[in-house]
Amino acid sequence: MIFGEIPVAEAIGARLAHGIRVEGLSLHKGHVVTADDQAALAAAGVAAVIAVRLEEGDIGEDEAAALIAAAIVPDHLSFTPPATGRINLHAKANGLFVVDRVAIDRFNRVDPAITIATLPDHASVAAGDMVATIKIIPLAVPDALARRAAALLSASRTLEVKPFVAHRVGLVATELPTLKVSVMDKTRRLLEQRLHPSGSRLTGERRVPHQPAALAVAIRQAAGENELVVVFGASAVTDANDVIPAAIRAAGGAVVHVGMPVDPGNLLVLGHVGAVPVLGAPGCARSPKENGFDWILARIFAGEKPGSEEITGMGVGGLLAEIPSRPQPRELRAPERALSVTALVLAAGRASRMNGGHKLLATFDGKALVRRSVEAALAAKPAQVLVVTGHRADEVEAELAGLTVDVLRNPDHAQGMSTSLRAGVSAVSPGCEGIVVMLADMPHVTGADVRRLLDAFAAAGGHAIVRAVSGGKRGNPVVLPGTTFSAILQLEGDVGARHIVESAGLDVVDVEIGEAAHVDVDTPEAVVAAGGILKG
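Residue positions within a chain follow its written sequence, with the count starting from 1. In keeping with the model being predicted, local features are shown solely for residues with a pLDDT of at least 70 and side-chain atom pairs are shown and tallied solely at 80 or more, while totals for entire chains, interfaces and linings include all residues. To obtain the side-chain values, all non-hydrogen atoms of the structure were included, while hydrogens and water were left out.

1. Some remarks on helix α3 (residues 101-108)
Think of it in three bands: with a 1.4 Å probe and only protein chains considered, a residue is buried below 20% of the maximum accessible area for its type, exposed above 50%, and partly exposed in between. A helix here means a DSSP run of H or I that spans at least four residues, while a strand means a run of E at least two residues long, and both kinds are numbered starting from the N terminus. Within the span of α3, buried status applies to A103, I104 and F107. One side of α3 carries all its buried residues, which in axial view fall inside an arc of 100°. Looking at α3, the residues exposed on the side facing more than 90 degrees away from the buried face are R101 and V102. Those residues of α3 that are buried are in contact with α2 (61-69), β9 (95-99), β10 (114-118), α4 (143-154) and β14 (159-163). Of the residues that open α3, the one with a side-chain oxygen 3.1 Å from the backbone nitrogen of V102 is D100. Here, the arc refers to the directions that run from the helix axis to the C-beta atoms. Contact between two residues is taken to exist if any of their heavy atoms lie within 4.5 Å; hydrogens are not considered. The term polar contact refers here to a pair of N or O atoms within 3.5 Å; inside protein, the definition further demands a hydrogen-donor-capable atom paired with an acceptor-capable atom, and it admits residues adjacent in sequence only when both atoms are side-chain atoms.

Okay, here's the thing in structure tokens:
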């Protein structure tokens, strides 16, 4: 691949390394320059572009990413289509994500141009969770290089999702006068919640005195009826011969390991009676916060048989006490709800090509375009509608009289769209989880169109970028999750969010809304063609 500045006269077939936006033309990074592009660039006075030319044996970034993804065994994994050299991998089932770190390191050392990033080894995942992302850094790489990297992934199961298998689980709890019944009841409920992602169920609970003999009888009975036994002791384990390990042995079983290098979770006991695992839960498992008990439970449900070797290898990354944890077990995710999304309507532009008129004041069906656009935003029922004004702000804002919206004037609007995006993101309501960026000069975007984008955003859990397309070609509006806000605040100049869409590493969900995604009115002719009447 040859990278550098290429005269426009020689640019046909080259791939742009940087996007270009000039009057009447907008070309994105990676675009292959055509003869029409060449003519338009020359007409706009562009003498050269920064681009790449593929050499013999090179393949494009998307082709390279697809080649590598094809080498991964797809069991219980789904793959997004390649875009900007990226393919994301998602779990297709609740389970345990298992990755060979040595193999991934070897892959990432083939060449800096070819990368894969994953979740930690043995992370519990839910169906739909992203577990890994393949990213080709440059616009093209040698085919041989991509194939060498792919061969490392095809040589073994470098990464996979092991689906959880439902188990019958028996609970045995010991009693002491100091342990409240309400605490024991809560412990049972939390255990049932922890079993939910795997489809496992609690078959029953036995409560016995905190004594080895009584506990041994209960463990033996529970092991005969279930595929896993969980023991909650009324008092913490302090020795390998304490009540719980002693009871496992007395029940005819064996103690595999006492203690683990995970905090919270240190006081776990692992044993078995015959083929049935017996887990002595640490006291921290009475809390919904993540702890070492969850890690062992997940491995068992995924079909693994953890032992001393596995437990003693959990120390690195095992310090959980100071890490913000989910407030409840994973399976009790918040019920589906409407996400808090702000509709950010950009209405600050100078309309420099309107020959003195203002496109946002042009009327469509007797209504000013800016009001028409803001009413579409309101009809979608987002949590907030925020309108950023600038050029001829008094007139624009007058057209919004009576609408329940927040209006923000951008004093720096003449410096480009990025200033309006930054101003809008800085002013969204607390708790905002995303913004749908709407351009006020798009007359055919309806409230139903915007609602479809918001619904797609909610379906993705608020973690994906959602954009409107027409015939598969990207357009506007676009929904950006809260994780992109910091990047938006770094934008400068007359640029929108396209670079963020391409570089954020998030899934991109395309929603077809028809020609409305492409119709904007930047010239008097465009206003008329779209059905409007331009005023002064």
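Now that the structure is up, let's keep going.
2. Focus: empty space enclosed by the protein
A cavity here means a set of 1 Å grid points, computed over protein atoms only, where a 1.4 Å probe fits but cannot escape. A pocket is an open set with protein on both sides within 12 Å along at least 5 of 7 lines, and lining residues have an atom within 4 Å of a point. Grid points are joined across faces, edges and corners, and a volume is the space filled by probe spheres set on the points. For the structure shown, the criterion picks out 3 cavities of 30 Å³ or more. In this structure, the largest cavity spans a volume of roughly 40 Å³. Around the largest cavity sit S373, A376, M438, L439, M442, V445 and P477, which together line it. Every element with two or more residues in the lining of the largest cavity is listed here: α10 (369-379) and β26 (434-439). Charged means Asp, Glu, Lys or Arg here, nonpolar means Ala, Val, Leu, Ile, Met, Phe, Trp, Tyr, Cys or Pro, and polar covers whatever is left, Gly included. In the lining of the largest cavity, the residues fall into 6 nonpolar, 1 polar and no charged.

3. Structural notes on the packing of aromatic side chains
Planes of paired rings set the category: under 30 degrees apart is stacked, over 60 is edge-to-face and the rest tilted, where pairs are Phe, Tyr or Trp rings (Trp by its six-membered ring) whose centres lie within 6.5 Å. Scanning the entire structure with this criterion turns up 2 aromatic pairs. A centroid spacing of 6.5 Å and a plane angle of 80° characterise the contact between F164 and F301, whose relative ring orientation is edge-to-face. Of this pair, F164 sits in the loop between β14 and β15 (168-175) while F301 sits in helix α8 (residues 292-301), placing them 137 residues apart in sequence. The two residues F164 and F301 agree in class, both being buried. With 6.2 Å between their ring centres and 65° between their planes, F232 and F293 make a pair best called edge-to-face. Here the residue F232 occupies a position in strand β17 (residues 228-232), and F293 occupies one in helix α8, the gap between them amounting to 61 residues. The exposure class assigned to F293 is buried, which follows from its relative accessible area of 0%.

4. Considerations on the pattern of salt bridges
Only one rule defines a salt bridge in this text: a Lys or Arg side-chain nitrogen within 4 Å of an Asp or Glu carboxyl oxygen. Within the structure shown, the criterion is met by 23 salt bridges. The salt bridge involving E205 is made with R207; its shortest N-O contact spans 2.8 Å. Since its relative accessible area comes to 22%, E205 is described here as partly exposed. Residue R451 pairs with D455 through a salt bridge whose shortest N-O separation is 3.0 Å. Here the residue R451 and the residue D455 both occupy positions in helix α13 (residues 447-459), the gap between them amounting to 4 residues, near one helical turn. A single salt-bridge network, built from bridges that share partners, covers D185, R188, E192, E205 and R207.

5. Some words on the side chain of T484
Relative to the elements of secondary structure, T484 occurs in the loop between β28 (473-481) and α14 (485-488). A relative accessible area of 2% means that T484 is categorised as buried. Look past the residues within four positions of T484 in its chain and what remains in contact with it is I500 and L506.

6. Quick notes on the sheet that holds β9
Strands qualify as paired when DSSP identifies two bridges or more between them. Read across the sheet, 3 strands follow the order β11-β9-β14 without closing on themselves; strand pairing throughout is antiparallel. Strands at the two margins of the open sheet, each flanked by one partner only, are β11 (123-125) and β14. Averaged over all pairs of adjacent strands, the angle between strand axes in this sheet comes to 35°, irrespective of strand direction. Summarising the sheet, β9 and β14 pair through 5 bridges and their orientation is antiparallel. Looking at the pairing, G95 lines up with P163 of β14. Orientation is described by axes fitted as lines to C-alpha atoms, over the contacting stretch for helices, and by angles from 0 to 180 degrees between their N-to-C directions.

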